[in-house]
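# Coordinate inspection notes
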Amino acid sequence: MQLVTEENITDLAVERWATAKDPRLAELMTALVRHLHEFAREVRLTEAEWMAAMQWLTATGQISNEKREEFILASDVLGLSMLVVQMNHRLDPAATPATVLGPFHIEGSPDLGFGGDMSQGLAGVPLFVHGTVRDLGGAPVPNAVLDVWQADDEGVYEAQLGEVDEARLRAKYAAREDGRYCVRTIAPKGYTIPMDGPVGDLIGRTAISHFRPAHIHFLINEPGFEPLITHLFQEGAEYLDSDVVFGTKQELVVRFEEREPGPTPDGGSIDVPWIEARYDFVLQRQA
Ligand code: BEZ
Ligand code: FE
């Protein structure tokens, strides 16, 4: 008979999980068991606390669905998502750095042409984000596709709404042969992460700010290059120093310059004041 004691339980559990057929799974599971046991020992976890944690995980699962990603949010606010991003994207310092994906990306956004407006019909100050997509040597990456998404001026993403008729504040933009791209949207604002679930409940018991600074999301996945998931943040935005998901990086902070009515970077013109943000994305070739 296997005699289990407080002293030997960790070794027994590690030994058992080391039998995973996939060696990497064995490595992951044995390390997880060791760290979980060590955590329980360190804090002398009580049964009531352990049960509360189980109930929190249950609630996190129950509120999740194909649109609501409460586990991603949990990972984000714990700083785990950003740690995993940083370890897995140790890019050249001259390349555009990666940041968190977040829970609101939707696949299959429509293709818009150069300067196409992804904010059709929504309130907000017009914003043109434009520049080039280049490699580390400065050569353009022709036809690179930028998958772009953001929140509306109330801080709400399409993924947080019920059914919508058309894609809302999300689109794909192909760069031109010379690597130039142009996105037309509305100026983003800072917003709160969803606070009506188990993650918000936990955050509400701390002094943590639950806001994110104003930003736009970009995903560029070009064959032959390291995939890039990133944001551009507005320079001077509130919460840049306290982003609840640890997603900010100095290199991703961009000046938003106010412009008078007149010509716009897509070659057209506009009869209201607008904002211009220039940014050159730099992709790193895969080794
Ligand atoms: C976002 O920027 O969309 C986001 C990222 C992490 C958590 C919540 C929202
Ligand atoms: Fe966001």
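As named in an unreviewed UniProt entry, the protein chain is Hydroxyquinol 1,2-dioxygenase, taken from Blastococcus tunisiensis. In its Cofactor (unreviewed entry) section, the UniProt entry covering the protein chain states "Fe(3+)". The annotation that UniProt attaches to the protein chain under Sequence similarities (unreviewed entry) is "Belongs to the intradiol ring-cleavage dioxygenase family."

## Quick notes on the overall build of the protein chain
The helix and strand tally for the protein chain stands at six helices and 15 strands. If you line up the protein chain on its principal axes, its C-alpha atoms span 80 × 40 × 35 Å. The buried share of the protein chain, reckoned over its 287 residues, is 41%. Relative to all contacts within the protein chain whose residues are 6 or more apart in sequence, the contacts with residues 24 or more apart total 69%. When the accessible surface of the protein chain is totalled, it reaches about 16,200 Å², and 54% of it is carbon and sulfur.

## Observations concerning the side chain of Gln284
Of note, Gln284 is situated in the segment after strand E15 (281-283). A polar contact is formed between the side chain of Gln284 and the backbone nitrogen of Asp92, at a distance of 2.6 Å.

## Re the coordination of the iron ion (ligand 2)
The coordination sphere of the iron ion (ligand 2), as far as protein atoms go, consists of Tyr157 (OH), Tyr191 (OH), His215 (NE2) and His217 (NE2), spread over 1.8 to 2.1 Å. Around the iron ion (ligand 2) sit six donor atoms; with metal-centred angles ranging over 54 to 164°, the donor geometry is irregular. Ordering the donors of the iron ion (ligand 2) by residue number gives the pattern Y-x33-Y-x23-H-x1-H. On the criterion of sequence distance, the pair formed by Tyr157 in the loop between strand E3 (145-149) and strand E4 (170-174) and His215 in strand E8 (residues 215-220) is long-range, its members being 58 residues apart.

## Remarks on the site of ligand 1
Surrounding ligand 1, one finds Leu73, Asp76, Gly102, Pro103, Phe104, Tyr157, Tyr191, Ile193, Arg212, His215, His217 and Val245. Taking His215, its side chain carries an N or O atom lying 3.0 Å from an oxygen atom of ligand 1. Within the side chain of His217, one N or O atom sits 2.9 Å away from an oxygen atom of ligand 1. Alone, ligand 1 offers 260 Å² of accessible surface; in the complex the protein occludes 100% of this. Breaking the shell around ligand 1 down by element, the ones donating at least two residues are helix H4 (70-77) and E8. Each residue belonging to the shell around ligand 1 can be placed in one class, and the counts come to seven nonpolar, three polar and two charged.

Parameters and conventions
- Residues numbered from 1 in each chain as written.
- Chains lettered and ligands numbered in written order.
- Predicted model: local features only at pLDDT ≥ 70, side-chain atom pairs only at ≥ 80, totals over all residues.
- Heavy atoms only, no water.
- UniProt positions renumbered as here; feature names shortened; annotations may be inferred.
- Helix = DSSP H or I, 4+ residues; strand = E, 2+ residues; numbered from the N terminus.
- Buried < 20%, exposed > 50% of the residue type's maximum accessible area, 1.4 Å probe, protein only.
- Contact = heavy atoms within 4.5 Å.
- Areas by Shrake-Rupley, 256 points an atom, 1.4 Å probe, with all protein chains shown as cover.
- Polar contact = N/O pair within 3.5 Å; in protein donor to acceptor, adjacent residues only side chain to side chain.
- Donors = N, O, S within 2.8 Å, 3.2 Å for Na, K, Ca; no water.
- Tetrahedral: all angles 85-135°; square planar, octahedral: opposite > 155°, others 65-115°.
- Near = heavy atom within 4 Å.
- Nonpolar A, V, L, I, M, F, W, Y, C, P; charged D, E, K, R; others polar.

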